[in-house]
Amino acid sequence: MAASRSKRRHRTRRRADMSLLGGIRPPIAALSALLLALAALTAFQLGHVGRQTVPPAVLTSQQYFAEDGAIALRASLDESITDIGRTASLFSSGEPVSPDSVLDKLGSVYQKWRGTAVIEIKSGRLEAQRGENLPLTALDLTALDGESGLAPRMVRLENGETRLLTLALLSWPDRPQQLLVASSSLKVPGISLGRSRAIAVLDSSGQVLGSDGVGGSGQEKKQLAKFAKTVAQKAARHPLQAKEPGSGGFAGVSGSLLGDSRDGRRSVAGYAKLTGSQPGVGTDATALGLTVVSFVGVAEERSAAVDSFFWIAASAALLVLGALAVALLVTTVQRPLLRLFLESRRIGRGDLNRPVTVPKYGEAARIGAALDRLRRQLLGEPGAETEVPRGGRRARIGTRALLGVCGILLLVWSAPLLLTLNRAGASVAVPKTIVDDQRERTDTVADRVRRALNEGHADLTSVASVISDRTTPAELTKLLERTRNQHGRYESLYVMKADGTVLARAGGKPHHPAGKGPSKQPVTLVDSGNRPVITEYAETPGLAGAAVVGELGIDFLNALLKRPGLGEVRVVDAKHRVIGGNNGYLAFEPLSDAKLDALVSSANEKSGTDEKSSADEQSGANEQSGADEKADKGPRAKSALLRDGAVSVAAAAPMTGGGVAQPLDWTVVTWQPAKGLEIPAYTAQNRTVLAGLLGLTGAVACLGWIHIVVVRPLRDLARRAEALADGDRRTVVYPTHHDEVGAVTRSLEVIRLRLLEQRKRDAAGAGTGRTPDRATPAGRN
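Residues numbered from 1 in each chain as written. Predicted model: local features only at pLDDT ≥ 70, side-chain atom pairs only at ≥ 80, totals over all residues. Heavy atoms only, no water.

## Structural notes on the overall build of the protein
Then, number 1: If you tally the helices and strands in the protein, you get 16 helices and 20 strands.
Then, number 2: Counting the 781 residues in the protein, one finds 49% classified as buried.
Then, number 3: Look at the contacts in the protein between residues 6 or more apart in sequence, and 66% of them connect residues 24 or more apart. (Helix = DSSP H or I, 4+ residues; strand = E, 2+ residues; numbered from the N terminus. Buried < 20%, exposed > 50% of the residue type's maximum accessible area, 1.4 Å probe, protein only. Contact = heavy atoms within 4.5 Å.)

Structural data, given as structure tokens:
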């Protein structure tokens with residue numbers, strides 16, 4: 001018997017220890033730890049806003065600027081390499097022509113090379129030359145038949161400048177093979193630098209190959225040399241290691257750098273290594289290992305968006321409210337439950353001498369009252385089973401209500417952070433550099449679209465120059481198919497006679513009006529069922545009245561507009577109707593915002609007398625307009641801050657610069673909400689919301705944990721305890737979890753069994769006429 005009692009005590013002690021691993025204590029401890037961690041995070045980490053002298057949004061903008069330059073340079077180099085190869089192929093497929101004729105036609109179609117030359121490969125004799133003198137001695141004519149014999153190469157001139165030489169073969173039967181050479185400078189084309197920006201092209205070792213915007217001061221050259229040394233090391237990394245996972249955007253290596261500080265201004269640079277349009281797919285230009293770096297001086301402003309006292313006060317308030325909530329849980333839920341656990345175990349062991357200490361609140365009070373009634377029933381007191389329990393008003397307050405009070409305490413801290421505090425209003429200050437960058441990048445996109453249309457027309461002109469009246473339709477079709485395969489911009493290519501008859505075609509069905517001859521305008525826009533079709537015409541000198549017609553897909557235009565950090569991008573025509581965009585839009589619909597429409601009109605003004613954007617005047621945000629530069633005649637890019645409830649950075653850039661695309665009078669307009677920029681005001685707002693969200697999430701998780709693990713089983717236990725005290729001896733009381741509530745449940749089951757045994761003894765005593773033995777309280781003889 002002694003051994004049996006020892007085993008039971010050991011089993012009871014083990015179950016009591018198991019209850020400490022679950023039940024009420026872990027969620028309260030977790031809530032306490034979470035609130036302490038959140039208070040420390042709020043005071044020491046979230047409050048570090050606006051401490052940088054240069055906002056992160058400015059650094060990101062410089063990175064985007066360098067990526068734009070890398071994309072423009074890669075596209076220009078690849079286009080030039082393709083043009084030389086395709087031009088040589090066109091000449092080689094026709095009748096032999098003189099080297100001078102080749103260079104004259106090449107120069108009349110394309111005006112982008114610094115110098116061109118034709119060399120006879122066998123003898124090494126220079127047959128013809130145009131433009132600047134080329135460093136032909138740097139060419140090894142005996143190695144042209146190698147694997148990379150015709151690959152582009154970089155050579156340095158005597159004056160220190162670097163040129164890119166592009167090579168192609170001219171071959172005719174029964175004539176010596178010739179080499180067509182074209183040189184181009186390694187400068188980023190079509191990039192709008194603004195007033196104080198500089199841009200440079202570096203090789204893999206960090207040597208500057210070409211630059212623009214770098215002043216004659218030694219300070220700027222010294223800063224460029226420092227940036228070049230750092231960029232050379234960073235550009236050597238693998239793209240997947242250089243970017244954060246899931247960052248997307250630019251496929252190559254890119255980033256930003258902080259330079260030297262002088263007179264309250266700091267140099268900020270962005271860099272981007274040339275990469276293909278698709279990740280892992282290289283081109284002839286990317287094989288050169290070039291990197292574009294741009295830098296600009298920005299004003300340093302060290303001013304915290306929100307004073308540190310706010311975050312310290314918020315942390316202190318969380319500690320106070322959290323302490324009240326935890327104290328309420330400990331005093332009204334945890335301690336009464338633990339006391340019930342001890343009292344129920346005492347009653348289950350048969351210690352009936354002392355009355356049960358009944359808690360004051362909720363289900364614990366109900367269970368305590370039921371336990372005391374059961375104790376009295378075990379003692380055989382008359383009326384204990386039929387007595388109606390009476391509880392005070394505080395006993396009517398359920399444990400769920402107590403949890404609700406704790407939730408309200410924590411919500412008092414979280415709700416203001418989520419909804420009201422630290423909100424960046426319509427007067428938020430946006431760094432001028434970001435507004436200027438929006439303008440310059442928009443101007444770069446506009447120039448990129450213009451160059452693409454001009455290049456397309458030049459390609460058609462090159463094809464038209466080799467067509468004559470002796471060219472058969474089969475030869476025309478072959479020529480058009482080859483051109484379309486080399487340039488993916490065309491949906492349809494065809495040769496049209498003066499009466500509108502199509503002689504040959506490659507690609508889709510033409511959208512040109514039937515029965516009409518080629519347009520006199522080089523580039524036109526056709527509305528084909530609410531789908532814009534850009535059509536280009538190039539007259540054929542060898543076939544009178546005919547023209548080579550190319551229809552550019554609108555997807556090609558939209559692909560040119562997809563650049564991160566610009567927000568929404570639209571191309572509008574002279575009537576401000578939308579032609580293309582980087583996201584969803586309705587073709588030929590007007591702009592959705594009147595302020596954007598006014599900004600487009602302001603950018604296209606011919607007088608240039610007003611130095612401020614009209615959109616600024618209407619929006620009341622003229623303090624950071626991009627039109628504050630010195631007024632010049634003619635359209636120019638402009639930017640503005642649009643303040644109408646929310647703040648947006650917008651810019652509009654007309655397509656200026658000449659070429660066949662100039663008469664279209666198209667304008668590129670961009671806008672993006674300022675709240676998406678990483679500037680101090682919005683960073684403080686986002687971190688404030690984050691703190692409130694963390695507090696709310698932690699409170700819901702921990703209080704929900706208590707409700708599921710403790711409150712619901714406790715309510716069910718209260719119902720069972722009262723039923724048992726009311727005389728229900730048949731329903732088995734079994735525990736759900738091995739915790740405090742489960743321990744009380746097991747004790748109730750022991751009490752139920754003792755009451756059944758007592759009833760059996762009472763029934764047996766009544767049958768024999770003997771007085772039944774009653775339970776003897778512990779400590780009585």
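Having seen it, we continue.
## Things to note about the packing of helix 2 (residues 25-46) against helix 7 (residues 308-349)
Then, number 1: Between helix 2 and helix 7, whose axes approach to 9 Å, the crossing angle comes to 175°. Classified by the angle their axes make, helix 2 and helix 7 are roughly antiparallel. Counted together, R25, I28, L31, S32, L35, L36, L38, A39, A40, T42, A43 and L46 of helix 2 and W311, A314, S315, L318, L319, G322, V326, L329, V330, Q334 and L338 of helix 7 form the full contact between these two elements.
Then, number 2: Its residues assigned to classes, the contact of helix 2 with helix 7 shows 17 nonpolar, 5 polar and 1 charged. (Axes fitted to C-alpha atoms, helices over the stretch in contact; angles between N-to-C directions. Parallel < 35°, antiparallel > 145°, perpendicular 65-115°, else oblique. Nonpolar A, V, L, I, M, F, W, Y, C, P; charged D, E, K, R; others polar.)

## A short note on the pattern of salt bridges
Then, number 1: Taken as a whole and judged by the stated rule, the model has 29 salt bridges.
Then, number 2: Between R125 and E127 there is a salt bridge whose closest N-O contact spans 2.9 Å. (Salt bridge = Lys/Arg side-chain N within 4 Å of Asp/Glu carboxyl O.)

## Examining the confidence of the model for the protein
Then, number 1: Mean pLDDT over the protein: 80, with 87% of residues reaching 70 or higher.
Then, number 2: Below pLDDT 50 for its whole length, residues 6-21 participates in 10 contacts with residues either more than four positions away or in separate chains.
Then, number 3: The model gives residues 608-631 a pLDDT under 50, and that stretch makes 65 contacts with residues more than four places away or in other chains. (pLDDT = per-residue confidence, 0-100.)

## Thoughts on the packing of aromatic side chains
Then, number 1: Enumeration according to the criterion identifies 2 aromatic pairs in this entry.
Then, number 2: With 5.3 Å between their ring centres and 85° between their planes, F310 and W311 make a pair best called edge-to-face.
Then, number 3: Look at W311 and you get buried, because its relative accessible area is 2%.
Then, number 4: Lying over the aromatic face of F65, R197 brings its terminal NZ or CZ to 3.8 Å of the ring centre. (Phe/Tyr/Trp six-rings, centres within 6.5 Å; stacked < 30°, edge-to-face > 60°. Lys NZ or Arg CZ within 6 Å of the ring centre and 35° of its normal.)

## Some remarks on the packing of helix 8 (residues 362-379) against helix 15 (residues 680-725)
Then, number 1: Where helix 8 contacts helix 15, the two axes come as close as 9 Å, and the packing angle between them is 25°. With respect to their mutual orientation, helix 8 and helix 15 come out roughly parallel. Between helix 8 and helix 15 lies a crossing of left-handed hand. Listed contacts from helix 15 to E363, R366, I367, A370, R373, L374 and Q377 of helix 8 are L714, R715, L717, A718, R719, A721, E722, L724 and A725. (Left-handed = near helix turned anticlockwise from the far one by under 90°.)

## Comments concerning helix 10 (residues 432-464)
Then, number 1: An ideal rise of 1.5 Å per residue puts 48 Å on 33 residues; helix 10 measures up with 48 Å between its terminal C-alpha atoms.
Then, number 2: Where burial is concerned, most of helix 10 is hidden: 28 out of the 33 residues are buried. (Expected span 1.5 Å × (residues − 1).)

## Section: the side chain of T670
Then, number 1: Within the element layout of this structure, T670 appears in strand 20 (residues 667-673).
Then, number 2: Those residues in contact with T670 that lie beyond four places of it in its chain are Q438, T442, L566, E568, V569, V649, A650 and A651.

## Looking at the environment of Q111
Then, number 1: With respect to the secondary-structure elements, Q111 resides in the loop between helix 4 (99-109) and strand 1 (115-120).
Then, number 2: The exposed category is assigned to Q111, whose relative accessible area is 65%.
Then, number 3: Along the sequence, Q111 and A458 sit 347 residues apart, while their C-alpha atoms lie 9.7 Å from each other.

## Let's talk about the sheet that holds strand 20
Sheet strands associate in pairs through backbone hydrogen bonding, adopting either a parallel or an antiparallel arrangement.
Then, number 1: Overall, antiparallel pairing links the 5 strands, which are arranged 17-16-20-19-18 in an open sheet. Where the open sheet ends on each side, the last strands, each with one partner, are strand 17 (578-581) and strand 18 (638-644). Taking each pair of neighbouring strands and ignoring which way they run, the sheet shows an average axis angle of 25°.
Then, number 2: Across 7 bridges, strand 18 lies against strand 19 (residues 646-654) in antiparallel orientation. Note on strand 19: the bridge partner recorded for S639 is A651. (Pairing = 2+ DSSP bridges.)

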